[in-house]
2 protein chains.
Amino acid sequence: MKNINIPERLAALRSAMDEEQISFFLASSSDPHMSEYVGDYFKVTEYLSGCTSDNVVLLISPEEAWLWTDGRYFISAAKELSGTGITLMKIGEPGVETAESVLRRLLKAGQTLAADTSCLTALSGMLFSRIAASCGAGFRDCRGFIDRIWTDRPLLSSHPVQILPDAVTGASCETKIAELRRRMNGAAALVITKLDELMYLLNLRGRDIACNPVALSFGIVTAENVHLFIQDSERTAEFDAYAAANRITVHPYEAFFAELQKMTFEGPVMLDANSVNFAVWNLLREKAKIQNVPSPVSAMKAVKNATELSRSREAYLLDSAVLCRFLFWIKRAVKDGETVTETSAAAYLDKLRSEIPGYIELSFPTISAYEENAAMAHYSASEEHPVVLKPEGFLLVDSGGQYLTGTTDVTRTIALGALTEEMRRDFTLVAAANLALLTARFPYGCTGRNLDTFARAPLWARGIDFNHGTGHGIGYILNVHEGPQNISWHMVRTRPEAVFEPGMITSDEPGIYREGEYGIRTESIILCEEDETTPFGRFLHFTPLTFAPIDLDAIDPAYMEPADIARLNAYHAEVRKQILPLLADEAEKNWLIEATRAI
Amino acid sequence: MKNINIPERLAALRSAMDEEQISFFLASSSDPHMSEYVGDYFKVTEYLSGCTSDNVVLLISPEEAWLWTDGRYFISAAKELSGTGITLMKIGEPGVETAESVLRRLLKAGQTLAADTSCLTALSGMLFSRIAASCGAGFRDCRGFIDRIWTDRPLLSSHPVQILPDAVTGASCETKIAELRRRMNGAAALVITKLDELMYLLNLRGRDIACNPVALSFGIVTAENVHLFIQDSERTAEFDAYAAANRITVHPYEAFFAELQKMTFEGPVMLDANSVNFAVWNLLREKAKIQNVPSPVSAMKAVKNATELSRSREAYLLDSAVLCRFLFWIKRAVKDGETVTETSAAAYLDKLRSEIPGYIELSFPTISAYEENAAMAHYSASEEHPVVLKPEGFLLVDSGGQYLTGTTDVTRTIALGALTEEMRRDFTLVAAANLALLTARFPYGCTGRNLDTFARAPLWARGIDFNHGTGHGIGYILNVHEGPQNISWHMVRTRPEAVFEPGMITSDEPGIYREGEYGIRTESIILCEEDETTPFGRFLHFTPLTFAPIDLDAIDPAYMEPADIARLNAYHAEVRKQILPLLADEAEKNWLIEATRAI
């Protein structure tokens with residue numbers, strides 16, 4: 001449907017580009033906060049291309065148009081771009097030119113490259129403006145330009161902000177701000193543009209992005225003041241009283257850049273060039289010494305306090321119990337020949353989850369992917385083309401919830417019936433990988449690059465790998481993906497690696513994906529805890545927050561070492577101990593006992 | 001003996017400092033090539049302090065003197081500094097101030113910090129000069145200043161250089177220079193100050209540093225020329241003909257800085273600020289655009305060609321056979337009550353090794369350390385205080401040779417008799433760690449930070465760690481320690497991590513050290529090889545070059561997984577297959593068969 005309008009929209013854009021003497025227009029799928037998911041207002045690349053991917057760079061010249069996205073979206077983007085005249089550029093595929101390379105090749109002296117700098121990171125903005133300069137071309141900020149053609153652009157999302165009581169957050173915003181100022185270590189100001197960081201710091205929550213309980217906002221923390229920029233429509237009387245009590249100066253969201261422009265700073269201004277947008281960077285570099293450091297708020301937020309931990313444990317127990325009930329139901333329903341589809345299975349789970357006390361919303365749209373569909377990362381089941389589950393093969397279900405007690409995330413791959421030898425081998429290796437990381441002990445100082453080997457070694461031994469990270473940080477009543485910790489073996493030079501600290505909550509989600517056949521992922525959420533300090537140093541370990549059986553119907557002990565079997569049995573014993581008291585139904589109880597039996 | 005002169009030498013230095021208006025004199029144990037070991041001429045810190053450590057920074061003010069060294073040398077340095085008035089500063093110990101901190105605290109405006117900039121790395125030179133500037137003080141290069149008081153300074157080492165034929169190197173220097181120019185990627189010049197890099201590139205060898213077959217030299221490679229700076233006394237008629245044939249312009253070693261000063265460069269000059277000295281850096285930054293990159297020669301040198309590999313395999317087989325004969329001898333001799341000391345054991349091994357065809361010298365002084373002595377890194381047995389070996393506990397022997405076929409390095413820890421339960425456990429864990437890395441399979445792109453987890457995981461699981469790297473690169477008829485690859489879990493921000501490539505030769509040497517009790521290390525040398533390329537990517541693995549039994553008398557299978565036992569048995573089967581044909585003596589043969597039996 002949408003695609004029909006794309007050529008018209010591109011024509012309108014090119015006409016506006018011509019009027020403004022813009023030779024190349026660059027757009028990204030980001031918002032000014034570098035959110036992973038964005039509100040409809042910021043879906044400029046989707047408006048112009050029809051492509052719904054959330055990692056897009058779109059480049060438009062008078063004659064051509066290119067859209068870059070990553071491997072998760074190659075299949076969907078190809079469908080969406082069909083007939084638009086936009087060339088799909090598959091990031092990382094051999095022989096595929098980068099946006100930088102296309103610009104270096106085509107930009108001519110005297111031409112102009114234009115972009116909304118508020119939706120580019122400082123790092124990519126610097127890169128593109130350097131390329132323009134090296135070609136003798138200009139680089140122009142064109143915030144608002146898109147409004148000339150996007151006349152029915154949606155409004156900015158807006159919902160009243162919520163204030164979380166200290167009993168929920170475990171620390172007042174006053175305490176957090178004091179700790180932040182200590183970590184600012186003499187800097188005159190810290191500019192906060194990431195929405196989850198501001199929500200965490202000020203103990204606020206919003207509803208402006210689906211699944212992410214955040215409010216559109218900017219923040220500037222100085223030694224004396226906390227400036228919060230938020231839409232007037234999101235303020236309530238309670239919020240105004242709270243802001244006044246906490247000496248938070250509230251400004252309109254739209255006033256952020258103008259107010260920042262007016263401010264003067266007596267010392268260096270801290271920000272993180274990995275997340276701050278290029279408009280902020282450009283504005284500040286003319287008036288202040290920039291101190292580009294990993295965000296101290298991100299580091300504070302990652303280490304959960306005692307309240308956050310005890311509530312999260314509760315959230316994970318109830319969420320795990322619901323998942324167990326779902327596993328019981330779906331294995332039986334499919335075996336009994338009931339008609340269950342990918343989407344109806346997800347709906348069943350979503351409904352169970354919604355009945356948990358304190359449920360707010362899903363923490364991301366449930367992924368329910370059967371057989372070869374599970375080999376596609378970010379597969380989205382469609383109600384128009386229902387996929388009926390058969391009593392064979394694997395169903396992969398990745399899901400989670402937002403609760404007043406925390407944010408959950410869990411993946412289980414379920415054997416619906418007959419499996420091949422290779423399926424059982426792969427499933428067993430993934431289970432061994434998951435459990436090897438879960439039970440790892442390691443010295444303080446390790447980062448995710450050291451730890452990833454625990455999970456990948458069992459797969460690597462058989463020439464298998466998977467193309468996503470093994471672990472991401474998880475927010476507390478916040479985004480299901482957060483940093484700074486990250487478990488991945490790849491070296492990323494631009495991003496500093498975070499050392500694991502007790503109190504960090506991280507996912508443990510190895511997988512094996514065979515294109516056109518099946519996909520397996522086993523994801524439990526793990527908490528980093530203090531271990532013992534020995535004469536050799538201080539050690540840490542993980543403990544699981546997720547308690548749900550790993551499907552024994554798909555385990556082949558022939559592919560496990562005795563240590564792997566011991567780990568699986570120990571984990572299952574713990575699942576039984578934690579979850580059995582939470583189940584009421586006898587059939588469910590009996591199933592759980594069987595599903596967690598020692599092998 | 002030496003210590004008697006230290007106060008006199010310091011007094012003479014301070015008097016000269018006073019005349020030259022130097023407030024702080026800084027010296028390091030390096031030479032201008034940042035060699036790990038240096039010739040006597042460069043032992044300035046030893047002359048001034050009596051301290052023989054090879055990682056020293058010495059700072060002298062009119063009133064005080066401080067010497068920094070690392071944990072390997074705390075015990076020996078404390079002895080050597082006793083009575084000198086120099087304060088030992090233990091690097092990394094809690095509460096111990098750094099040299100930077102002492103200078104920041106004490107340097108006053110108008111004062112002068114002086115150092116021989118040719119013996120500081122560019123990175124540390126920049127740091128110290130920035131500190132001086134921040135204090136309002138000056139930073140002065142004082143090359144030659146030490147000669148005012150060190151009147152009996154030894155001459156620079158000098159030995160005729162040797163030319164290695166292509167049959168030994170596997171690649172002519174012409175081929176290597178052509179490849180290097182390709183990697184220089186348009187840079188106007190590459191400055192080479194590391195001795196082993198120049199020896200590798202030009203297929204030369206020297207004898208100017210004990211155990212390191214290198215000649216003192218500097219090199220500058222441009223698109224048209226190769227400039228080699230070497231002492232006239234090292235040139236032979238053969239060398240001159242070789243240089244002429246290969247269009248190498250030869251200059252006196254002493255003329256390096258003056259010639260570099262005279263040169264002009266039409267483009268960027270490549271160098272590695274981690275290894276180039278500060279004098280070179282200062283000279284170049286005024287006249288050229290510096291391109292600070294990891295050395296392309298180091299990357300070339302690390303990947304051994306087919307000739308280097310086949311000759312190294314031969315060297316390791318013969319070296320391993322000699323080690324096996326030593327293991328047979330020492331276990332029997334100590335059991336039979338013969339008087340064997342740490343030093344006589346080392347001498348026995350050194351003599352066996354010297355009889356191998358093509359033997360040049362040891363690749364480092366043999367470490368022979370009994371019981372608690374083995375818990376001290378870099379322990380050096382003393383002939384004056386002989387330690388007699390008893391039929392109990394562990395002897396650790398770390399040794400290697402330089403041959404015309406390659407450079408070897410190997411450590412075995414030998415059970416001389418009764419062991420405690422803890423000793424057997426620790427020994428078994430170290431064996432499991434060594435074999436886990438040796439048998440690792442991993443995707444292309446891994447660095448030593450990913451791989452170290454293979455070795456450390458079995459130790460970490462029991463709260464054990466060791467304070468040295470698990471692996472270093474090894475030269476070919478060159479230094480026993482080389483880069484760029486390195487197996488260590490620690491993050492070092494200043495040093496880029498090298499990806500493992502097929503053809504790299506690396507050590508695999510986990511250990512456990514219990515202070516005052518014993519030390520265990522098992523070191524085999526491993527070659528990185530191509531594994532299969534699967535649908536999941538390109539994989540690599542290691543294969544051993546070292547074939548010597550891991551002492552089964554100290555193995556307790558209770559601490560091994562079945563996979564560990566399988567690895568040990570497979571390794572021992574290979575040891576037997578490779579070494580048995582190389583032994584002549586029946587008793588030795590029978591012992592090897594027993595020592596490599598499957599458990």
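All values derive from a computational prediction rather than experimental measurement.

Participant: In this structure, what is going on with the nonpolar core? I would like to understand it.
Facilitator: Grouped burial of nonpolar side chains is what soluble globular proteins tend to show. In terms of nonpolar packing, the biggest core is built from 85 residues, with Phe326(B), Ile330(B), Leu389(B), Phe394(B), Phe442(B) and Ile579(B) touching the most fellow members. Ranked by the residues each element gives to this core, the list is headed by helix α13 (residues 306-335) of chain B, at 13 residues. Setting aside anything within four residues of it in sequence, one finds Phe442(B) in contact with Trp460(A), Leu451(B), Phe500(B), Cys528(B), Arg538(B), Phe539(B), Leu540(B), His541(B) and Phe542(B). Among the nonpolar cores identified, the runner-up in size contains 84 residues, and Ala345(A), Ala415(A), Leu435(A) and Phe539(A) belong to it.

Participant: So what exactly am I meant to see when it comes to the packing of aromatic side chains here?
Facilitator: For any pair of aromatic rings, the description rests on two quantities: the centre-to-centre distance and the angle between the ring planes. Applying the stated criterion across every chain, the model contains 40 aromatic pairs over all chains. Between Phe394(A) and Phe427(A), the aromatic rings sit 5.6 Å apart at their centres with planes inclined by 20 degrees, giving stacked as the arrangement. Of this pair, Phe394(A) sits in strand β17 (residues 394-399) while Phe427(A) is found in helix α15 (residues 421-438), placing the two residues 33 residues apart along the sequence. An identical accessibility class is assigned to Phe394(A) and Phe427(A); each is buried. Cluster of aromatic residues (ring-pair linked, three or more members): Phe218(A), Phe229(A), Tyr253(A), Phe256(A) and Phe257(A). Directly above the ring of Tyr444(A) sits Arg538(A), whose terminal nitrogen or CZ lies 4.4 Å from the centroid. One cation-aromatic arrangement involves Arg153(B) over Tyr41(B); the distance from NZ or CZ to the ring centre is 3.6 Å.

Participant: Got a minute to help me understand the relation of the copies chain B and chain A in this structure?
Facilitator: Two copies of the chain are present, and they differ by a rotation about an axis and a shift along that axis. Taken as rigid bodies, chain B and chain A are interconverted by a rotation of 180 degrees and an axial shift of 0.0 Å, the fit giving an RMSD of 0.0 Å. Taken together, the rotation and translation describe the operation of a two-fold axis. Looking at the rotation axis and the C-alpha trace of chain B, the residue lying nearest is Asn450(B), at 2.7 Å. Take the interface residues of chain B: 100% of them recur as interface residues in chain A, which is what a same-surface contact looks like.

Participant: Explain the state of the cysteines to me, please; I cannot follow it from the model alone.
Facilitator: Applying the stated rule across the entire model yields zero disulfides over all chains. For Cys528(A), which is in no disulfide, the shortest distance to another cysteine sulfur is to Cys446(A) and amounts to 9.8 Å. Considering cysteine sulfurs only, Cys142(B) is the nearest to Cys119(B), which forms no disulfide, with 10.0 Å between them. For Cys119(B), a relative accessible area of 11% gives the class buried.

Participant: Whenever I open this one, the sheet that holds strand β18 (residues 401-403) of chain B confuses me. Can you help?
Facilitator: Each strand in a sheet pairs with its neighbour through backbone hydrogen bonds, running either in the same direction (parallel) or in the opposite one (antiparallel). Residues and elements named next belong to chain B. Read from one edge of the open sheet, three strands run β15-β18-β19, paired in antiparallel fashion. In this open sheet, the two strands that pair with only one neighbour each are β15 (359-362) and β19 (406-407). Pairing analysis gives three bridges linking β15 to β18, with the strands arranged antiparallel. Across the sheet, residue Leu362 finds its bridge partner in β18, namely Gly401. The strands touched by helix α14 (residues 342-354) within the sheet are β15 and β18, with β15 carrying the most contacts at an inclination of about 160 degrees.

Participant: Looking at this structure, I do not really get the pattern of salt bridges. What am I missing?
Facilitator: As a working rule, side chains carrying opposite charge can pair if their charged atoms are close by. All chains considered together, the criterion is met by 78 salt bridges over all chains. For Lys262(A), the salt bridge is made with Glu259(A), and the minimal N-O distance between the two is 3.0 Å. One end of the pair is Lys262(A) and the other is Glu259(A), both in helix α10 (residues 256-262) and three residues apart, which spans about a single turn. Given the relative accessible area of 60%, Lys262(A) is considered exposed. Of the charged contacts in the structure, one is a salt bridge between Arg235(B) and Asp240(B), with a shortest N-O distance of 2.9 Å. Exposure remark for Asp240(B): the relative accessible area of 31% places this residue in the partly exposed category. One salt-bridge network, in which partners are shared between bridges, spans Glu19(A), Glu20(A), Arg140(A) and Arg148(A).

Participant: What's the story with the interface of chain B and chain A in this structure? I'm lost.
Facilitator: By a frequent convention, interface size equals the accessible area lost on bringing the separate parts together. Contacts between the two partners involve 32 residues from chain B, matched on the other side by 32 residues from chain A. Each partner contributes to the roughly 2700 Å² buried at the junction of chain B and chain A, and carbon and sulfur atoms together form 61% of this total. Linking chain B with chain A are two salt bridges, by the criterion used here. A salt bridge links Arg449(A) to Glu497(B), with the nearest nitrogen and oxygen atoms 2.9 Å apart. For the interface between chain B and chain A, the tally reads 18 residue pairs in polar contact (both at pLDDT 80 or more). Of all the elements in the fold, those that place two or more residues in the side of chain B that touches chain A are β21 (441-443), α16 (448-460), β25 (511-514) and α17 (562-579) of chain B. Top contributing element to the side of chain B that touches chain A by residue count: α16(B), with six residues.

Participant: Where do I start with the sheet that holds strand β12 (residues 248-252) of chain B in this structure?
Facilitator: Residue and element names in this part refer to chain B. Across the sheet, which stays open at both edges, the six strands sit in the order β12-β11-β10-β8-β13-β14 with mixed pairing between neighbours. Both outer strands of the open sheet, β12 and β14 (290-292), are each paired with one neighbouring strand and no more. When the angles between neighbouring strand axes are averaged without regard to direction, this sheet yields 20 degrees. With four bridges connecting them, strand β8 (residues 189-192) and strand β10 (residues 217-222) associate as antiparallel partners. Each residue of the ladder has a partner; that of Ile192, found in β10, is Gly219. Packing against the sheet, helix α8 (residues 195-202) makes contact with β8, β10, β11 (226-230) and β12, and its axis sits at approximately 60 degrees to β10.

Participant: When you look at the packing of α13(B) against helix α18 (residues 586-595) of chain B in this model, what are you seeing that I'm missing?
Facilitator: The axes of two packed helices give the description: the angle between them and the distance between them. All names here are of chain B. For the pair α13 and α18, the least separation of the axes is 10 Å and the interaxial angle reads 95 degrees. Considering their axes alone, α13 and α18 lie roughly perpendicular with respect to each other. Contacts from Cys324, Arg325, Leu327, Phe328 and Lys331 of α13 reach α18 at Ala587, Glu588, Trp591 and Leu592. Taken together, the residues of the contact of α13 with α18 sort by class into six nonpolar, no polar and three charged.

Participant: Looking at this model, I keep getting lost on the side chain of Lys331(B). Mind explaining?
Facilitator: Residue and element names in this part refer to chain B. When you line up the elements, Lys331 lands in helix α13. The class for Lys331 is buried, based on a relative accessible area of 15%. Setting aside chain neighbours within four positions, we find Lys331 in contact with Ile414, Ala415, Asp551, Asp553 and Trp591.

Participant: In this structure, what is going on with unusual backbone geometry? I would like to understand it.
Facilitator: Among all residues save glycine, negative phi is the norm, and among peptide bonds the norm is trans. In this model, Gly483(A) is joined to Pro484(A) through a cis peptide bond whose omega is 0 degrees. Position of Pro484(A) relative to the elements: it lies in strand β23 (residues 482-487). Within the chain, Asn203(B) stands out as a residue other than glycine whose phi angle is a positive 55 degrees. Along the chain, Asn203(B) falls in the loop between α8 and β9 (204-205). The buried category is assigned to Asn203(B), whose relative accessible area is 1%. Although it is not a glycine, Arg247(B) sits at a positive phi angle of roughly 50 degrees. Topologically, Arg247(B) is positioned in the loop between α9 (237-245) and β12. You can call Arg247(B) exposed: its relative accessible area is 61%.

Participant: Sorry, what's going on with helix α4 (residues 99-106) of chain A here?
Facilitator: Side chains three or four residues apart in an α-helix point the same way, a direct result of the helix having 3.6 residues per turn. Residue and element names in this part refer to chain A. Inspection of α4 places Ala99, Glu100, Val102 and Leu103 among the buried residues, and these make up the whole buried set. Along the axis of α4, the buried positions cluster into a sector of 165 degrees, meaning they face one direction only. In this structure, the buried residues of α4 make contact with β1 (24-28), β2 (57-60), β3 (65-69), β5 (112-115) and α5 (122-134).

Participant: Even after reading the chapter, I still don't get the pairing of strand β26 (residues 518-521) of chain A, so can you show me in this structure?
Facilitator: One face of the sheet, then the other: side chains in a regular strand alternate in exactly this way. All names here are of chain A. Both faces of β26 are covered, namely the face carrying Tyr518 and Ile520 and the face carrying Gly519 and Arg521. Two elements, strand β25 (residues 511-514) and β26, share four bridges in a ladder whose sense is antiparallel. Looking at the pairing, Arg514 lines up with Tyr518 of β26. Linking β25 to β26, which pair antiparallel, is a turn of three residues; within it Gly516 sits at a positive phi near 80 degrees.

Participant: Is there a simple way to explain the packing of helix α15 (residues 421-438) of chain B against α17(B) in this structure?
Facilitator: Residue and element names in this part refer to chain B. Packing of α15 against α17 brings their axes to within 10 Å, and their N-to-C directions diverge by 75 degrees. The pairing of α15 with α17 is recorded here as roughly perpendicular in orientation. Between α15 and α17, the residues in contact are Ala432, Leu435, Ala436 and Leu438 and Asp564, Arg567, Leu568 and Tyr571, respectively. For the contact of α15 with α17, the residue count by class is six nonpolar, no polar and two charged.

Participant: Would you explain helix α11 (residues 278-285) of chain A in this entry?
Facilitator: Residue and element names in this part refer to chain A. Most of α11 sits inside the fold, with seven of its eight residues counted as buried. All buried positions along α11 are accounted for by Phe278, Ala279, Val280, Trp281, Asn282, Leu283 and Leu284. The inward-facing, buried residues of α11 contact α5, β6 (138-141), β8 (189-192), α10, β13 (269-271) and β14 (290-292). At the N-terminal boundary of α11, the capping side chain belongs to Asn277, with an oxygen 3.1 Å from the backbone nitrogen of Ala279.

Here is what the cut-offs are and how they apply
- Residues numbered from 1 in each chain as written.
- Chains lettered and ligands numbered in written order.
- Predicted model: local features only at pLDDT ≥ 70, side-chain atom pairs only at ≥ 80, totals over all residues.
- Heavy atoms only, no water.
- Core = buried A, V, L, I, M, F, W, Y, C linked by side-chain atoms within 4.5 Å.
- Buried < 20%, exposed > 50% of the residue type's maximum accessible area, 1.4 Å probe, protein only.
- Helix = DSSP H or I, 4+ residues; strand = E, 2+ residues; numbered from the N terminus.
- Contact = heavy atoms within 4.5 Å.
- Phe/Tyr/Trp six-rings, centres within 6.5 Å; stacked < 30°, edge-to-face > 60°.
- Lys NZ or Arg CZ within 6 Å of the ring centre and 35° of its normal.
- Least-squares fit on C-alpha atoms with pLDDT ≥ 70 in both.
- Disulfide = S-S within 2.5 Å.
- Pairing = 2+ DSSP bridges.
- Axes fitted to C-alpha atoms, helices over the stretch in contact; angles between N-to-C directions.
- Salt bridge = Lys/Arg side-chain N within 4 Å of Asp/Glu carboxyl O.
- Buried area = accessible area lost by both parts, 1.4 Å probe.
- Polar contact = N/O pair within 3.5 Å; in protein donor to acceptor, adjacent residues only side chain to side chain.
- Parallel < 35°, antiparallel > 145°, perpendicular 65-115°, else oblique.
- Nonpolar A, V, L, I, M, F, W, Y, C, P; charged D, E, K, R; others polar.
- Arc of directions from axis to C-beta.

Geometric descriptors of this kind do not, in isolation, establish any biological role.
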